[in-house]
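Below are the chains, spelled out letter by letter.
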Amino acid sequence: AIGPSISGDTVLVAAGLYAGPGNRAIDFNGRSLTVRGSGAASCIIDCAQQERAFALPSNLSATAVIEGFTFRNGKALNTGFGAYKGGAIYAQFTSLVVRDCVFEDGRAVSNGAAIFSERCALTLERCRFVGNQSGPGGAVWASVAPSTIEISDCQFVDNRGSSGGALYFSGPQTARIARCSFVENVATGNGGALYSASATLFVDHVVFAGNTANRGG
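All figures in this text were calculated on a predicted structure; none of them were measured in a lab.

Asker: How should the pattern of salt bridges be read in this particular structure?
Answerer: Side chains that carry opposite charge are capable of pairing whenever their charged atoms lie near each other. All told, the structure shown has 8 salt bridges when counted by the stated rule. Here arginine 99 ties to glutamate 67 by a salt bridge, and the two come within 2.8 Å at their closest N and O atoms. Of this pair, arginine 99 sits in strand 9 (residues 95-99) while glutamate 67 sits in strand 6 (residues 63-67), placing them 32 residues apart in sequence. Looking at arginine 99, the relative accessible area reads 23%, which means it is partly exposed. Looking at glutamate 67, the relative accessible area reads 8%, which means it is buried.

Asker: Explain the pairing of strand 11 (residues 115-118) to me, please; I cannot follow it from the model alone.
Answerer: The side chains of a regular strand alternate between both faces of the sheet. Where strand 8 (residues 89-92) lies against strand 11, 4 bridges are found, and the strand directions are parallel. Paired with glutamine 92 across the two strands is glutamate 118, which belongs to strand 11. Pairing of strand 11 with strand 14 (residues 140-142), which is carried by 3 bridges, proceeds in the parallel orientation. Residue pairing in the sheet places isoleucine 115 in a bridge with valine 140 of strand 14.

Asker: Help me understand the sheet that holds strand 15 (residues 148-152), please; the structure alone is not making it clear to me.
Answerer: Sheet strands pair by backbone hydrogen bonding; their relative direction is either parallel or antiparallel. With parallel pairing, the 8 strands of this open sheet are ordered in space as 1-3-6-9-12-15-19-23. Strands at the two margins of the open sheet, each flanked by one partner only, are strand 1 (10-13) and strand 23 (200-204). Strand after strand, the sheet turns through a mean of 10 degrees between neighbouring axes, direction not considered. Here strand 15 runs beside strand 19 (residues 174-178); their pairing, made up of 5 bridges, is parallel. Bridged to isoleucine 151 within strand 19 is isoleucine 177.

Asker: How do you make sense of unusual backbone geometry when you look at a structure like this?
Answerer: Despite not being glycine, alanine 25 has its phi angle at roughly 50 degrees, a positive value. Within the secondary structure, alanine 25 sits in the loop between strand 2 (16-19) and strand 3 (33-37). In this structure alanine 25 comes out as partly exposed when scored by relative accessible area, which is 36%. One non-glycine residue, glutamine 49, lies in positive phi territory at about 60 degrees.

Asker: Help me out: how do you make sense of the side chain of serine 181 in this one?
Answerer: If you trace the backbone, serine 181 turns up in strand 20 (residues 181-183). In this structure serine 181 touches Cys154, Gln155, Phe156 and Val207, once residues within four positions along its chain are discounted.

Asker: Is there a simple way to think about the sheet that holds strand 2 in this case?
Answerer: Within the open sheet, the 8 strands sit side by side as 2-4-7-10-13-16-20-24. Their pairing is parallel. Looking along the sheet, the strands with just one partner apiece sit at the ends: strand 2 and strand 24 (207-209). Neighbour-to-neighbour, the strand axes of this sheet turn through a mean angle of 10 degrees, independent of strand direction.

Asker: How do you make sense of the packing of aromatic side chains when you look at a structure like this?
Answerer: Both the distance between ring centres and the angle between the ring planes are used here to describe each pair of aromatic rings. Tallying each qualifying case throughout the model produces 12 aromatic pairs. Between phenylalanine 28 and phenylalanine 54, the aromatic rings sit 5.8 Å apart at their centres with planes inclined by 90 degrees, giving edge-to-face as the arrangement. Of this pair, phenylalanine 28 sits in the loop between strand 2 and strand 3 while phenylalanine 54 sits in strand 5 (residues 54-56), and the two are 26 residues apart along the sequence. Assigned by exposure class, phenylalanine 28 and phenylalanine 54 land together as buried. Taking 5.7 Å as the distance between ring centres and 35 degrees as the angle between the ring planes, the aromatic pair formed by phenylalanine 69 and phenylalanine 71 counts as tilted. Classification of phenylalanine 71 as buried rests on a relative accessible area of 2%.

The rules behind these values
- Residues numbered from 1 in each chain as written.
- Predicted model: local features only at pLDDT ≥ 70, side-chain atom pairs only at ≥ 80, totals over all residues.
- Heavy atoms only, no water.
- Salt bridge = Lys/Arg side-chain N within 4 Å of Asp/Glu carboxyl O.
- Helix = DSSP H or I, 4+ residues; strand = E, 2+ residues; numbered from the N terminus.
- Buried < 20%, exposed > 50% of the residue type's maximum accessible area, 1.4 Å probe, protein only.
- Pairing = 2+ DSSP bridges.
- Axes fitted to C-alpha atoms, helices over the stretch in contact; angles between N-to-C directions.
- Contact = heavy atoms within 4.5 Å.
- Phe/Tyr/Trp six-rings, centres within 6.5 Å; stacked < 30°, edge-to-face > 60°.

Written out as structure tokens, the structure is:
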């Protein structure tokens, strides 16, 4: 669907269950695109533990907007581009906006079973992360400055990571979390809900309930 598009386009995706080759490892190829599904309840990408849904390699000038999908069973493969990282979305050096999406049962050996974001300006709005499992950052892993992170009106439920059961911030970025809930996330190391190496965090109207860690909160 996004093959013939040009930078600045909005790609509309009809309701349906999308699976199999052609519906995984989708690359914007350096274009600034908005990919808009019909809504998370009706537009589902099931990666069947075969690959991630979106792979967005380095592009300092591009903006990627992804909205209105459910991502199921994404997996970061152990070889190739982005090995071990980003079960549903892998992004580097770009501006990434994800809104009105659901991430279910993603897996990554290393970082971010739902989203791996390396030096991206990352915005998450009205998303739900459920049952994702990885190393650091059970649902989302976001890396060092100069990135900024804005997370609002999101739910993180029953995600599991080695540190940061739901979220892991790696480095001195600024992160703002507002009107979110973290419920029953688990870390085998530090930070049952979230772990920050050295980020500056602003947390407003956030619920933490039933999160557990073996040490450090």
